[in-house]
Amino acid sequence: MKEDTATGGGGNEYNPNIPEHYLYGYREPLQRLMFDGKKMKRTVTRKTVDYNTPLIQHTLLRQYLRTERDFPVIQPHYSWMRDVLPPSALENVPSTSISTRFVHTSINKVRCPINCLAWTPEGRRLITGAASGELTLWNGFTFNFESIQQAHEDAVRSMIWTHNDNWLISADNRGVIKYWQASMTNVKAFPAHNESIRDLGISITDNKFASCSDDKLIKIWDFVRCEAESTLEGHGWDVKSISWHPFNSLLLSGGKDQHVKLWDTRTAKELQSLQAHTNTVHRVRWNRNGNWFITGSRDHLIKLFDLRTLKELTVYRGHKREITALAWHPVHEEMYASAGADGSILFWVAGHEDPIAETFNAHDSGVWDLAWHPLGHILASGSNDYTTKFWCRNRPGDSLKDKHNQSKGWEIEPSYEDPEFSYKGDHHSTQYVPPPPATTAASVAPPPVTPAAAWIPGQVAPTNIPGLTAHHPQGPIAPPPTNMPPQPQPQPLPQSIPPPQQQQPYAFQPPVSQYPPHPPPPTYYPPPPQPQQPFDPYTTGYPPMQFGQPPMGPPPSYRPPPMSQYPPPQQRNYQQSNWG
């Protein structure tokens, strides 16, 4: 991911009253910002998440790497960023697709809650449905605004794409359903329910789709004729969510009556009813394997069920408020994301009761919908705080120091001077440590000491040591009580004991008895003197070296003869030489 210095949303105009070192990036000259007498907006480098590089890397690797076990293991360093692979390359490693790194925030000009999200089938744009009835298209690479149109007269509640990627179905708060082409052209609109439509589901053949509403009804529609084929009645209150089976004619529904029901869409009969929660069921979603489905409720619980046994497999506890959104990962079968009314986003893996990642401060209000990118590397979230946020995978070497990556009980930048915090590990990770218990009357309180004073045994008065108490994580060091016995003082060694032999610092020396006996040193006979040879750098150079003799140089009294005594060098006839 490429970083930038701006948060998006347009350029920054030139202001001569702002100093240049306060501006982001390089300030262009004034003549470059003026065109035809008008001020032009400065070019802003936007944040982008480019998936082309991981896809190309995966395409090259799979030519000679047979299985994913042969792929290189990414190390936590920035130099490994170019070796990151897409989620489809590591289907059995869901931890590589945890999207907790904040990328961008997109806000409409008319601020209103974002109720539903839907990526285009090719993943180039994100479509958001707002409470104002507008459909907004955001770029999937740079996350900037592209287009907006008034799609419905009331709040858009749900959107879903057909499996052939040609049609988008949307429903609003007035019970109206509309068909849209891929070019966002409205083709058909018809009333479906008398009250607000909460959710939509479509069959694998794209010939039928279902809608649920606050009027307690679920309707099965013919996509071509736009007519209701059957009506499913059985819920005693509002139906909040439905989900069509990935490849069968089974429909799953959950409502305000705390029941989760399983329907046969061919016969319009109820097959099973489960009272899985103690409050309203907000979301139900099938897994793409067709055997699992999850439910999220207002009782702060998420439950995983198996269709073959219709029994509860796992209960997930981690949200502090009701569950408002659930989304299975498009690549990793066992991984899904959930969102709550407190603005938190949690990531789970089937079979593990604890979340594998948490983002507690994702939004300032409830998150209404989550949508994974078709490749699975970006997660989009729409919230009641009028914003749409994009989240991507963390890069190798990221310190996880931003506020969105902090887990429960961890702070960002604590102080050494605060006695309630203690550093564990490196300086990037800080764990909250509760303060020590207060002293009771029975405990002995030490005498007061100045903040910059530290007590050293053997000293009468406190000694000021800068840096020892001011930055100590446990606060100033108090002296011992005054009734303690005097500290032992060093005494001089008696004359009969020899002083210890001085040793090298940080060097281990075993006792003398552990050393092996040394052999006697060999007798050294110096080599016989060699006669001094004359030194002539123009003819022979240095004389050959003898064993045991240092290299010889010119004698101190030697002076080279004048150049006139040497014969002149041989002249070469350059005109007659053949250089060819």
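Scroll up a little and you will see the structure.
Description of the structure in this document. Everything numeric in this text was worked out from a predicted model, so none of it was measured. (Residues numbered from 1 in each chain as written. Predicted model: local features only at pLDDT ≥ 70, side-chain atom pairs only at ≥ 80, totals over all residues. Heavy atoms only, no water.)

### Looking at the sheet that holds strand β12 (residues 197–202)
Note the threshold: A pair of strands is treated as paired once DSSP finds two or more bridges between them. Helix and strand definitions here come from DSSP, where helices need a minimum of 4 consecutive H or I residues and strands a minimum of 2 consecutive E residues; each element is numbered from the N-terminal end. Every angle, taken between N-to-C directions, lies between 0 and 180 degrees, and every axis is a line fitted to C-alpha atoms, over only the stretch in contact when it is a helix.
Here 4 strands make up an open sheet; going across it, the order is β12-β13-β14-β15 and the pairing antiparallel. Edge positions in the sheet fall to β12 and β15 (227–233), since each has one partner strand and no second. Between one strand axis and the next, the sheet turns through 20° on average, direction left out of account. Pairing analysis gives 6 bridges linking strand β14 (residues 217–222) to β15, with the strands arranged antiparallel.

### Let's talk about helix α1 (residues 52–61)
Note the cut-off: Each residue gets one of three labels from its accessible area relative to the maximum for its type: buried under 20%, exposed over 50%, partly exposed in between, using a 1.4 Å probe on protein chains only. The arc in question is the one spanned by the directions pointing from the helix axis to the C-beta atoms.
Listing the buried residues of α1 in full gives Pro54, His58 and Leu61. Axial view of α1: buried residues confined to an arc of 65°, hence all on one face.

### Here's the deal with the pairing of strand β20 (residues 281–286)
In the sheet, β20 pairs with strand β21 (residues 292–297) via 5 bridges, with the strands oriented antiparallel. Note that in β21 the partner of Val284 across the bridge is Thr295. From the end of β20 to the start of β21, which pair antiparallel, there are 5 residues, and Gly290 there has a positive phi angle of about 80°.

### A look at the sheet that holds strand β27 (residues 357–359)
Ordered in space as β24-β25-β26-β27, the 4 strands form an open sheet in which the pairing is antiparallel. Looking at the sheet topology across the chains shown, the edges are occupied by β24 (323–328) and β27. The average angle at which neighbouring strand axes cross in this sheet is 20°, direction not considered. When β24 meets strand β25 (residues 335–340), the two strands line up antiparallel, connected through 5 bridges. Within β25, the residue paired with Ile323 across the bridge is Gly340.

### Side note on the pattern of salt bridges
The following threshold applies: For this document, the term salt bridge refers to a Lys or Arg side-chain nitrogen within 4 Å of an Asp or Glu carboxyl oxygen.
Counted by the stated rule, this structure contains 17 salt bridges. Among the salt bridges present, the one from Arg174 reaches Asp154, with a minimum N-O distance of 3.7 Å. Note that Arg174 is positioned in the loop between β9 (167–172) and β10 (176–181) and Asp154 in the loop between β7 (145–150) and β8 (156–161), a separation of 20 residues in sequence. A relative accessible area of 23% means that Asp154 is categorised as partly exposed. Beyond isolated ion pairs, a larger network of salt bridges with shared partners links Arg198, Asp214, Asp238 and Lys240.

### Digging into unusual backbone geometry
Positive phi, close to 60°, is recorded for Met184, a residue that is not glycine. Looking at the element boundaries, Met184 is found in the loop between β10 and β11 (186–191). Here Leu310, not a glycine, exhibits a phi torsion of approximately 55°, which is positive. Relative to the helices and strands, Leu310 resides in the loop between β22 (301–306) and β23 (311–317).

### Some remarks on the side chain of Arg101
Spelled out, the test is: For this analysis, a polar contact is any N or O atom pair within 3.5 Å, provided that within protein one partner can donate a hydrogen and the other can accept it, and provided that sequence-adjacent residues contribute only side-chain to side-chain pairs.
Here Arg101 is to be found in strand β3 (residues 101–107). There is a polar contact of 3.1 Å between the side chain of Arg101 and the side chain of Asp398.

### So, the environment of Phe305
Cut-off, in case you're wondering: We call two residues contacting when some pair of their heavy atoms lies within 4.5 Å.
Along the chain, Phe305 turns up in strand β22. Since its relative accessible area comes to 4%, Phe305 is described here as buried. Separated by 13 residues in sequence, Phe305 and Trp292 place their C-alpha atoms 5.7 Å apart. Excluding residues that lie within four positions of it along the chain, Phe305 makes contacts with Leu274, Ala276, Asn291, Trp292, Phe293, Thr295, Lys311, Glu312 and Leu313.

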